[in-house]
Structures are given as structure tokens and as C-alpha cells.
Amino acid sequence: MAAYHKKFNGNVNVILFDWSPLAKAIDFEDTLDNYLYYRAARNVPIVGEYLGRCLAGISKATGLKGRDIHLVGHSLGGLLAFEVARDLRHHGCSPEALV
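Residues numbered from 1 in each chain as written. Predicted model: local features only at pLDDT ≥ 70, side-chain atom pairs only at ≥ 80, totals over all residues. Heavy atoms only, no water.

Q: How do you make sense of the overall build of the chain when you look at a structure like this?
A: Of regular secondary structure, the chain possesses four helices and two strands. Listed by position from the N terminus, the elements making up the chain come as α-α-α-β-α-β. Summed over its atoms, the accessible surface of the chain is roughly 7,200 Å², and 57% of this surface lies on carbon and sulfur atoms. (Helix = DSSP H or I, 4+ residues; strand = E, 2+ residues; numbered from the N terminus. Areas by Shrake-Rupley, 256 points an atom, 1.4 Å probe, with all protein chains shown as cover.)

Q: Would you take a moment to explain the confidence of the model for the chain for this structure?
A: Atom-level detail of predicted coordinates should not be read off regions where pLDDT is low. Here the chain averages 82 in pLDDT, and 85% of its residues register 70 or above. When the elements of the chain are averaged for pLDDT, strand β2 (residues 97–98) gives the smallest value, 62, and helix α4 (residues 76–90) the largest, 91. (pLDDT = per-residue confidence, 0-100.)

Q: It is not clear to me how the pattern of salt bridges should be interpreted in this structure. Could you clarify?
A: Side-chain pairing between opposite charges can occur once the charged atoms of the two side chains come close. Enumeration over the complete set of coordinates arrives at two salt bridges. The closest approach of N and O atoms between Arg53 and Glu49, which form a salt bridge, is 2.7 Å. Of this pair, Arg53 and Glu49 both sit in helix α3 (residues 35–62), separated by four residues, roughly a single helical turn. A relative accessible area of 35% means that Glu49 is categorised as partly exposed. Residue Glu83 pairs with Arg86 through a salt bridge whose shortest N-O separation is 2.7 Å. Within this pair, Glu83 and its partner Arg86 are both found in helix α4, separated by three residues, close to a single helical turn. Overall, the relative accessible area of 47% leaves Arg86 in the partly exposed class. (Salt bridge = Lys/Arg side-chain N within 4 Å of Asp/Glu carboxyl O. Buried < 20%, exposed > 50% of the residue type's maximum accessible area, 1.4 Å probe, protein only.)

Q: Even after reading the chapter, I still don't get unusual backbone geometry, so can you show me in this structure?
A: The backbone phi angle of Asn9 is positive, close to 55°, even though this residue is not glycine. With respect to the element layout, Asn9 can be found in the loop between α1 (2–7) and α2 (20–23). Although it is not a glycine, Ser75 adopts a positive phi angle of roughly 60°. Along the chain, Ser75 falls in the loop between β1 (70–71) and α4. By relative accessible area, Ser75 is classed as exposed at 54%.

Q: Mind showing me how you'd approach the nonpolar core here?
A: For soluble globular proteins, nonpolar side chains are generally found buried alongside one another. The biggest cluster of nonpolar side chains holds 17 residues, and the ones touching the most others in it are Trp19, Leu55, Leu71, Leu80, Val84 and Leu88. When residues of this core are traced back to their parent elements, those giving at least two are α3 and α4. In this structure Leu80 touches Phe17, Trp19, Val44, Val47 and Gly48, once residues within four positions along its chain are discounted. (Core = buried A, V, L, I, M, F, W, Y, C linked by side-chain atoms within 4.5 Å. Contact = heavy atoms within 4.5 Å.)

Now the structure itself:
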């Protein structure tokens, strides 16, 4: 986030979205090849659509342009960012970057 602040002279807003209760893949005696991982993966489209609709609403209410939206995610969070971008496109607001 510090790099974004420096690049844009502090004129950035950052939204952190904690979806860990729905993304939890590892538990005691859990392995990535069991149902808990797949349960987390099945939540990606649902959470992505929700977050996409929220960002589309913010965009509509404030005039936020898609070119000013950068989505960042890691692992399942990367898939979540893709789903958010897909929903934003559905609402006519394509994000600038997926990272």
C-alpha cells in the first residue's frame, strides 16, 4: 500500500475486505485435498458477486471510474479479485488492473 500512496501522492483510498471466515481452508488435521478447501473455493463466486455489487454501487454513487480500481488478491483471493472484476464489468465498470 505504501507504493500506491507514493505513486499517487497519497490520493488513494484503500478498501480491505476480510473474507477469512468464508475463505478458511485449513483447520486442525486439515489437508488441501479435502472438502474444506472446496467449501472455501465454492464461496469465491458468491463473495465476488457481493463485493462487485458493493463496488459498483460506490462507483455509481461517487463517479469512481473503472480505471481507478485496482484489485489485489493472493491464492483464492486472486480468484476472488477475478470474480469481483467480472461482476464490475457486468455493471459497466471495468477495473484497471488485477494483481
